[in-house]
Structures are given as C-alpha cells and as structure tokens.
Amino acid sequence: MYEPIRTKSVHTTMAGSTTDFPHRSREEELDIQLAGHLAALLAVTDELRALAPSADLDTAATRLADQVARLRGGAAPARTSVTATAAEPHLAALHRRAHTLAGRALVVAASRADTAAAILTAERMDAHAAALEPREVASR
C-alpha cells in the first residue's frame, strides 16, 4: 500500500548530538535579560534627563550604565543624546514607563539574587512613583 522510505531522512533529532549549538546556563540567560531591562531603563532615564535635568537622574543613569556594563562583561551600553522637546504629559508617560521597566528588572534581579541590581531598581521604582504622585493627584 505504501512505499517504504529508501533515502536517509533530512530531519535529525537533537537526541543524538546536543553540542552542535552553544548552550547558555540559566544564570547567563538571566544576566542577558537583566542587562536588557536595565539598558531599556537607562534609555528612558536618559530621555527624562534631557526633558527635566536633575542630579538624581544623572546619578541613576551612571549607576544603571555601570550595572549594564558589569552584566555585559565590561561592554558599555549604547547611549543616545535626546533633545528636550516634549511637554508635561510626556514626562508622566516616561515616568510610568521607567517605573514599569524598573519593576521588570527587579523581578529578574531578584530571581538571580543580584542584590546590587535589585536595590538600584527598587530605588528607581520609588523615585518614578514619587515623580508621578503629584501629577496623579492633580489629575483626579
């Protein structure tokens, strides 16, 4: 009824050879994930610094850049300069975005037991939440 397969299959299983591609450990994956979240938080922080310069944001940006470099094996994060053009509602949206990114980074930092990154992200969450409080109360 059916003709038997006479040629060797082009499909292979991974059961026989698992060394064909690089593997990363859970810790390496978490490092990559955390570095990505911190780099995104750094980008939003740089944008906030351009719109509303402050010493707190400057310090936070430096600390974030240091953490990203540490997680990436010394490679400094890419940073762009942003010009100030937006108004007040844009600032609130940026603070909400930064708060969300810091929360994501905190979850990953906690799962990999990275105390330094966890403390930094918790501080950033508090700072962005505090920056939003007067605006949230005024908008009610």
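Residues numbered from 1 in each chain as written. Predicted model: local features only at pLDDT ≥ 70, side-chain atom pairs only at ≥ 80, totals over all residues. Heavy atoms only, no water.

**Here we look at the pattern of salt bridges**
If you walk through the whole model with that rule in mind, you get eight salt bridges. Ionic pairing is found between R63 and E123, a salt bridge with its closest N-O pair at 2.7 Å. Residue R63 is found in helix α2 (residues 55–71), and its partner E123 is found in helix α4 (residues 115–139); the two are separated by 60 residues along the sequence. Relative accessible area serves as the criterion here: at 34%, R63 is assigned to the partly exposed category. For D114, the salt bridge identified is with R112, shortest N-O distance 2.4 Å. Taking the relative accessible area as the measure of exposure, D114 reaches 7% and is therefore buried. Given a relative accessible area of 15%, R112 falls into the buried group. Salt bridges linked by common partners bring D31, R70, R112 and D114 together as one network. (Salt bridge = Lys/Arg side-chain N within 4 Å of Asp/Glu carboxyl O. Helix = DSSP H or I, 4+ residues; strand = E, 2+ residues; numbered from the N terminus. Buried < 20%, exposed > 50% of the residue type's maximum accessible area, 1.4 Å probe, protein only.)

**Side note on the environment of D114**
In this fold, D114 is placed in the loop between α3 (88–111) and α4. For the pair D114 and L34, spaced 80 residues apart in the sequence, the C-alpha separation amounts to 9.7 Å. Residue contacts for D114: discarding those within four places in its chain leaves L34, R70, L71 and A109. (Contact = heavy atoms within 4.5 Å.)

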